[in-house]
Amino acid sequence: MGEISLRRRLEPSLGVDVYEVRLGDEFLMSSLFTVAEVELARRGLAAVSGTDLDVLVGGLGLGYTARAVLEDPRVGCLCVLETQAAVIDWHRRELLPLAHDLVADPRTRLVEGDFFAAVAAVDALVGEGPAAVLDDGPSRWHAILVDIDHTPRHLLHPSHGDFYTTAGLRQLARRLHPGGVFGLWSDDPPDPDFVTVLEDVFDHVEAEVVTFANHYTGGRSANTVYVAALDGLQP
């Protein structure tokens with residue numbers, strides 16, 4: 001998808017270090033705007049009942065979603081699937097503010113792999129078979145949280161497109177326990193067409209707008225967190 005790079009710079013208007021990630025010339029994320037990434041974890045897990053939860057995060061980035069997952073004491077296992085080896089290396093070398101707490105937590109596993117290909121493959125998220133990306137991971141998850149593409153329409157790569165269809169999301173739903181939750185971050189306002197696709201697959205769907213201060217505009221900006229849950233009685 002292109003060369004990925006991490007930049008740390010001083011933001012003089014705030015007097016803080018800012019961490020930014022780019023893919024080629026495309027801006028991906030900034031440590032100044034992480035509210036919705038944290039809310040993806042908090043709102044997704046709030047929709048899950050039970051304890052000893054197995055959570056899969058698609059996309060590591062700056063680590064804010066993954067770190068927020070670990071703040072929930074019910075989480076027993078966190079696996080983060082990241083396609084870019086460099087991003088995992090940044091965390092293991094502790095180049096990012098949250099890296100130490102994330103990699104030092106015994107519940108955390110950082111795995112290099114293509115999240116979308118793993119969901120589409122028959123056995124890629126199960127600890128069996130030649131396509132498995134987890135040697136001993138669970139066959140189902142209580143929550144799968146994804147922050148990779150800008151939106152379900154604005155993709156980092158065309159190959160991701162099938163995931164956001166009814167067929168693609170049905171493949172993901174088969175990876176969830178009964179009562180399991182799929183959470184998705186998006187940079188756009190709620191998309192009614194995508195909500196309809198989610199409702200074709202899941203029993204309960206919410207498109208929640210998350211607002212946050214924008215230091216550059218002096219106003220507020222917004223992202224969307226989609227939370228889609230299966231009924232607990234579903235096989």
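Please refer to the structure higher up on the page.
Residues numbered from 1 in each chain as written. Predicted model: local features only at pLDDT ≥ 70, side-chain atom pairs only at ≥ 80, totals over all residues. Heavy atoms only, no water.

Caption draft 1: Looking closely at the overall build of the chain. Of regular secondary structure, the chain possesses 7 helices and 10 strands. For 235 residues, the compact-globule estimate of 2.2 N^0.38 gives 18 Å, and the chain sits close to it at 17 Å. Overall size of the chain, expressed as C-alpha extent along the three principal axes, is 55 × 35 × 35 Å. The contacts in the chain between residues at least 6 apart in sequence include a share of 64% that link residues at least 24 apart. Counting every atom, the chain has about 10800 Å² of accessible surface; 49% of that belongs to carbon and sulfur. One way to put it: in the chain the 18 positive side-chain charges average out to a point 3 Å from where the 36 negative ones average out. (Helix = DSSP H or I, 4+ residues; strand = E, 2+ residues; numbered from the N terminus. Rg over C-alpha atoms; globule rule 2.2 N^0.38 Å. Contact = heavy atoms within 4.5 Å. Areas by Shrake-Rupley, 256 points an atom, 1.4 Å probe, with all protein chains shown as cover. Lys, Arg positive; Asp, Glu negative; His and termini not counted. Charge placed at Lys NZ, Arg CZ, Asp CG, Glu CD.)

Caption draft 2: Expanded view of the packing of aromatic side chains. Tallying each qualifying case throughout the model produces 10 aromatic pairs. Ring geometry for Phe 115 and Phe 116: centres 5.5 Å apart, planes at 80°, overall edge-to-face. A ring pair is formed by Tyr 164 and Phe 194, whose centres lie 6.0 Å apart and whose planes are at 65°; its orientation type is edge-to-face. Of this pair, Tyr 164 sits in the loop between strand 7 (141-146) and helix 6 (166-173) while Phe 194 sits in helix 7 (residues 192-201), and the two are 30 residues apart along the sequence. Tyr 164 gets classed as buried once you look at its relative accessible area, which sits at 7%. (Phe/Tyr/Trp six-rings, centres within 6.5 Å; stacked < 30°, edge-to-face > 60°. Buried < 20%, exposed > 50% of the residue type's maximum accessible area, 1.4 Å probe, protein only.)

Caption draft 3: Layout of the sheet that holds strand 3 (residues 26-30). Reading across from one edge, 1-2-3 is the order of the 3 strands in this open sheet, with antiparallel pairing throughout. Whereas interior strands pair on both sides, the edge strands pair on one side only; in this sheet they are strand 1 (4-11) and strand 3. Direction aside, the axes of adjacent strands within the sheet are offset by 30° on average. Inspection of the sheet shows strand 2 (residues 16-23) paired to strand 3 by 4 bridges, in the antiparallel sense. Pairing of Glu 20 across the sheet is with Ser 30, part of strand 3. Strands in contact with helix 3 (residues 85-92) are strand 1 and strand 2; relative to strand 1, the strand with the most contacts, it is inclined by about 45°. (Pairing = 2+ DSSP bridges. Axes fitted to C-alpha atoms, helices over the stretch in contact; angles between N-to-C directions.)

Caption draft 4: View of helix 7. Among the residues of helix 7, those classed as buried are Phe 194, Val 195, Val 197, Leu 198 and Val 201. Buried residues of helix 7, viewed axially, fall in a sector of 160°; they line one side. Turned more than 90 degrees away from the buried face of helix 7 sit Pro 192 and Asp 193, all of them exposed. Capping of helix 7 at its N-terminal end is provided by Asp 191; its side-chain oxygen lies 2.9 Å from the backbone amide nitrogen of Asp 193. (Arc of directions from axis to C-beta. Polar contact = N/O pair within 3.5 Å; in protein donor to acceptor, adjacent residues only side chain to side chain.)

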